[in-house]
Amino acid sequence: MLSITDRDAVTAALTDHQLDPTLRALIGLRVWQVDTDRQQPLGETLQIVVVQPGDPPEVIHEAVGFPITWDQAEQPGFEWMNDHGSWFELAYVLTDDFGMLVFVADHPDTNFVLRFNCLGFANRPAATEI
């Protein structure tokens, strides 16, 4: 689990070569797009949460601040979702001035319900049989 709420955490994520390069690029892009007012702390505008394989539901819910797995996951509350192949990006608008991005790894060990719901909303081409 990774929770990014300030510029120091962004820098740490972007320079962590153990993190997936695609994830690092997505984090960098979204922060660059959102962080236009350098006078305001980033955490007052945006929080980024990364759900990684093996993260239990309790840890995910604590990081996000509300349940996005279990029963509540059947009716997603995100504004939009992007499928980046190895990562799903869920956007939550929590107030007029604050949002949250949740990146979910498309990996078999990622929370089943959360990954299943992401796959259900992804617009992936159907697999073809050989």
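If you're wondering where the values come from, they're calculated on a predicted model, not measured in any experiment.

Draft legend 1. Just the overall build of the protein, in detail. Helices and strands together make up the secondary structure of the protein, namely four helices and five strands. Helices and strands in the protein line up, N terminus first, as β-α-α-β-α-β-β-β-α. Buried positions account for 39% of the 130 residues belonging to the protein. Across the protein, every contact between residues at least 6 apart in sequence was considered, and the portion connecting residues at least 24 apart equals 57%. Counting every atom, the protein has about 7800 Å² of accessible surface; 52% of that belongs to carbon and sulfur.

Draft legend 2. Broad picture of the packing of aromatic side chains. Here the structure, examined in full by the defined rule, presents four aromatic pairs. Between phenylalanine 66 and tyrosine 92, the aromatic rings sit 5.3 Å apart at their centres with planes inclined by 70°, giving edge-to-face as the arrangement. With a gap of 26 residues between them, phenylalanine 66 in the loop between helix H3 (57-64) and strand E3 (80-83) and tyrosine 92 in strand E4 (residues 87-93) connect regions that are remote in the sequence. Look at phenylalanine 66 and you get partly exposed, because its relative accessible area is 26%. An angle of 90° between the planes, with centres 6.4 Å apart, marks the rings of phenylalanine 78 and tyrosine 92 as edge-to-face. Of this pair, phenylalanine 78 sits in the loop between H3 and E3 while tyrosine 92 sits in strand E4, placing them 14 residues apart in sequence. Accessibility classification places phenylalanine 78 together with tyrosine 92 in one group, the buried group.

Draft legend 3. Layout of the side chain of threonine 110. Note on placement: threonine 110 falls in the loop between strand E5 (99-105) and helix H4 (112-121). For threonine 110, a relative accessible area of 3% gives the class buried. A polar atom in the side chain of threonine 110 sits 2.9 Å from the backbone oxygen of alanine 105. Beyond its immediate chain neighbours, meaning those up to four positions away, threonine 110 contacts Val51, Gln52, Pro53, Gly54, Val104, Ala105 and Arg115.

Draft legend 4. Main features of the pattern of salt bridges. With the rule as written, the count across this model stands at two salt bridges. The salt bridge involving glutamate 89 is made with arginine 30; its shortest N-O contact spans 2.5 Å. In this pair, glutamate 89 is assigned in strand E4 and arginine 30 in helix H2 (residues 21-34), connecting sequence segments 59 residues apart. Residue glutamate 89 shares its accessibility class with arginine 30, and that shared class is buried. A salt bridge links arginine 115 to aspartate 106; its shortest N-O distance comes to 2.7 Å. When its relative accessible area of 23% is taken as the criterion, arginine 115 is described as partly exposed.

How each quantity is defined
Residues numbered from 1 in each chain as written. Predicted model: local features only at pLDDT ≥ 70, side-chain atom pairs only at ≥ 80, totals over all residues. Heavy atoms only, no water. Helix = DSSP H or I, 4+ residues; strand = E, 2+ residues; numbered from the N terminus. Buried < 20%, exposed > 50% of the residue type's maximum accessible area, 1.4 Å probe, protein only. Contact = heavy atoms within 4.5 Å. Areas by Shrake-Rupley, 256 points an atom, 1.4 Å probe, with all protein chains shown as cover. Phe/Tyr/Trp six-rings, centres within 6.5 Å; stacked < 30°, edge-to-face > 60°. Polar contact = N/O pair within 3.5 Å; in protein donor to acceptor, adjacent residues only side chain to side chain. Salt bridge = Lys/Arg side-chain N within 4 Å of Asp/Glu carboxyl O.

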